[in-house]
Amino acid sequence: MSDVVPDVGRHAVLVDAGYLYASAGQLVLGRTSRREFRVAAEPLIGALMARADRTAPGVLLAVRSVPSRPGLTVGLEALLDL
């Protein structure tokens, strides 16, 4: 059996919005509390899509947010609206 995954030419990006937002806050501001900063969802999603296009060959089917805990968060709602 081969360890090589065939290139099907399609991919999706699954994002834990809470983790992504907290990581961005930590990196840029040194803070992880979502109460302390706002994230512009559209540019962030655009950057994720551009990175996926550069990194993975083929067609990007979707960018979806996957919650790490039950219930929608503000960040998740923003991502789902795009």
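It should be emphasised that the depicted structure is a prediction, and the values quoted were computed from it without experimental measurement.

Asker: Go over the side chain of His11 with me, naming the residues and quoting the values.
Answerer: Looking at the secondary structure, you find His11 in strand β1 (residues 10-15). Note on His11: relative accessible area 14%, which makes it buried. Excluding anything up to four places from it in sequence, His11 contacts Ala52, Ala56, Pro57, Gly58, Val59, Leu60, Leu61 and Ala62.

Asker: Break down the nonpolar core for me, with residues and values.
Answerer: Counting six residues, the largest nonpolar core is built from Val13, Val15, Ile45, Ala52, Leu60 and Val63. Breaking this core down by element, the ones donating at least two residues are β1, α2 (41-55) and β2 (59-65). In contact with Val13, not counting residues within four places along its chain, are Ala52, Leu60, Ala62, Val63 and Arg64.

Asker: Hey, could you go over the confidence of the model for the protein for me, with residue numbers and the actual values?
Answerer: Note: predicted coordinates in regions of low pLDDT should not be interpreted at a detailed level. Per-chain confidence: the protein averages 76 in pLDDT, with 71% of residues scoring 70 or above. Per-residue pLDDT, averaged within each element of the protein, yields its smallest value for helix α3 (residues 74-81) (55) and its largest for helix α1 (residues 17-29) (86).

Asker: Which residues make up the pattern of salt bridges, and what values do they have?
Answerer: Summed over the entire model, instances satisfying the criterion amount to one salt bridge. Measuring nitrogen to oxygen at the nearest pair gives 2.8 Å for the salt bridge that ties Arg31 to Glu36.

Asker: Break down the environment of Leu29 for me, with residues and values.
Answerer: Inspection of the secondary structure puts Leu29 in helix α1. Excluding residues within four positions of it along the chain, Leu29 makes contact with Ala24 and Phe37.

Asker: Could you give an account of a nonpolar patch on the surface, naming the residues involved and the relevant values?
Answerer: On the surface, Leu27, Val28 and Leu29 cluster together into a nonpolar patch covering about 350 Å² of accessible area. On the secondary structure map, Leu27 appears in helix α1. By relative accessible area, Leu27 is classed as exposed at 73%.

Rules behind the numbers
- Residues numbered from 1 in each chain as written.
- Predicted model: local features only at pLDDT ≥ 70, side-chain atom pairs only at ≥ 80, totals over all residues.
- Heavy atoms only, no water.
- Helix = DSSP H or I, 4+ residues; strand = E, 2+ residues; numbered from the N terminus.
- Buried < 20%, exposed > 50% of the residue type's maximum accessible area, 1.4 Å probe, protein only.
- Contact = heavy atoms within 4.5 Å.
- Core = buried A, V, L, I, M, F, W, Y, C linked by side-chain atoms within 4.5 Å.
- pLDDT = per-residue confidence, 0-100.
- Salt bridge = Lys/Arg side-chain N within 4 Å of Asp/Glu carboxyl O.
- Patch = residues over 30% accessible without salt bridge, like charges linked within 9 Å, V, L, I, M, F, W, Y side chains within 5 Å.
- Areas by Shrake-Rupley, 256 points an atom, 1.4 Å probe, with all protein chains shown as cover.

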